[in-house]
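# Chain and residue survey
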Amino acid sequence: MGTRGRTPTPTTGPLIACLAAAAAAVTALAAPASAVPQADEPPVATPAAETSPVGWASQGGGTTGGGSTPATTVNNSSALKTALSSGSAAVIRVSGTISCSGMLKVTSNKTVIGNSGATIAGCGFNVASASNVIIRNLTFRDWNDDGINVQYSTRVWIDHNSFSNGYDGAVDVKRASDYVTVSWNKFSSHDKTMLLGHSDDNGSEDRGHLRVTYHHNWFNGTNQRHPRVRFGNPVHVYNNYYGGVTSYGVASTKEAGVLVEGNYFENTKDPYHRGEGSSPAANLVARNNHFVNSGSGDAGGGVAGIPYSYPLDAASSVKSIVTGGAGAGRISI
């Protein structure tokens, strides 16, 4: 500081350069290990958004929603209700926060995409007697019935949404629905997260159906039903992160067959079990899961084969992968 305003002599420049180089070397040596890239610990990149579903929603002819139909943007409940219930194929983009109540019916051949920050507040979507539906990149909160209810419907993909603080189920699938994938969603501040099959007495409709894939979802301190399964076989629960689940993770009941594979359970005392409440125990196969401060789970019986191919992440990497990519606002579509 004492040389401010002075012209350095010819020997000052080299001296300053030497001092700067020495200081840089000392700084590099003093840096914490986390600041220095490690060759054997590459950073986990946020996964690229899938362009089509993996799992059961890829079966039965696949799930394409509204396809290449030109998009319509909606920003109020009336316009959203009209677009969702249209009899034509549609790509619907939701903008801003839409406040509503009850359940908005979603008909066949629809793609519903949230623009940045899009929120459905106070109501949910009822995918009823429909086929070929995609719902992505939306935040659902404070719903007064279900967040998303799927019934009598096939080929449904629910992907990269966030759910919190609702009344009943966040994502429930029931009444003979089939070929559904629930992927890359984040659930928090909620009790009854995901029900698959609503009643022990509904076997006449549900047997041979309720085939659902749940993958790369983040259960962030939620309570129960992740999922709670009746009749569906095989139901595939893989590469999900269970963080601080307070009651239980997965329950297999009433003739179900559930494959629990490659998941990461942390601070989750009861990761999975057979039977729940008055529903009898069913089949659950667990393999290659990762446990941190969690119980060991209850498994038994056999499960039907998985008919589709899928990339399986190492269970020990699932926490970083899922927390880096799950929920609304994590993809650009």
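Report on the accompanying structure. (Residues numbered from 1 in each chain as written. Predicted model: local features only at pLDDT ≥ 70, side-chain atom pairs only at ≥ 80, totals over all residues. Heavy atoms only, no water.)

The next point concerns helix 2 (residues 77-84). Three or more residues of helix 2 are buried, namely Leu 80, Ala 83 and Leu 84. Each buried residue of helix 2 lies within a common arc of 95 degrees when the element is viewed along its axis, so the set occupies one face. Residues of helix 2 that are exposed and angled more than 90 degrees away from the buried face: Lys 81 and Thr 82. Where the residues of helix 2 are buried, they touch strand 1 (71-74), strand 2 (90-94), strand 3 (97-106), strand 4 (110-114) and strand 5 (119-128). The N-cap of helix 2, judged by a side-chain oxygen 3.2 Å from the amide nitrogen of Ser 78 a few residues on, is Asn 76. (Buried < 20%, exposed > 50% of the residue type's maximum accessible area, 1.4 Å probe, protein only. Helix = DSSP H or I, 4+ residues; strand = E, 2+ residues; numbered from the N terminus. Arc of directions from axis to C-beta. Contact = heavy atoms within 4.5 Å. Polar contact = N/O pair within 3.5 Å; in protein donor to acceptor, adjacent residues only side chain to side chain.)

On to the pairing of strand 8 (residues 148-151). Each regular strand displays side chains that alternate between the two surfaces of the sheet. Alternating positions in strand 8 separate into two faces, Ile 148 and Val 150 on one and Asn 149 and Gln 151 on the other, with burial throughout. As paired elements, strand 5 and strand 8 share four bridges and run parallel to each other. Each bridged residue has a counterpart across the sheet, and for Val 127 the counterpart in strand 8 is Val 150. In the sheet, strand 8 pairs with strand 11 (residues 171-174) via four bridges, with the strands oriented parallel. (Pairing = 2+ DSSP bridges.)

So, about the sheet that holds strand 6 (residues 131-136). Read across the open sheet, the ten strands follow the order 1-2-4-6-9-12-15-18-21-24; overall the sheet is parallel. Two strands bound the open sheet, and with one partner strand each, they are strand 1 and strand 24 (283-287). Each neighbouring strand pair of the sheet contributes to a mean axis angle of 10 degrees, computed without reference to strand direction. Looking at chain direction, strand 21 (residues 257-261) and strand 24 are connected through five bridges and run parallel. Looking across to strand 24, one finds that Leu 259 is bridged to Val 285. This element, helix 2, spans strand 1, strand 2 and strand 4 of the sheet and lies at about 160 degrees to strand 2. (Axes fitted to C-alpha atoms, helices over the stretch in contact; angles between N-to-C directions.)

Before going further, it helps to examine the pattern of salt bridges. One pass over the structure, following the stated rule, counts eight salt bridges. Here Asp 178 makes a salt bridge to Arg 211, at a shortest N to O gap of 2.6 Å. Pair noted here: Asp 178 is in strand 12 (residues 178-183) and Arg 211 is in the loop between helix 3 (203-206) and strand 15 (212-215), with a separation of 33 residues, a long-range link. The same class applies to Asp 178 and to Arg 211, which are both buried. The closest approach of N and O atoms between Asp 298 and Arg 274, which form a salt bridge, is 3.0 Å. Note that Asp 298 is positioned in the loop between strand 25 (290-292) and helix 4 (318-325) and Arg 274 in strand 23 (residues 272-274), a separation of 24 residues in sequence. Here Arg 274 falls in the partly exposed class, since its relative accessible area comes to 30%. (Salt bridge = Lys/Arg side-chain N within 4 Å of Asp/Glu carboxyl O.)

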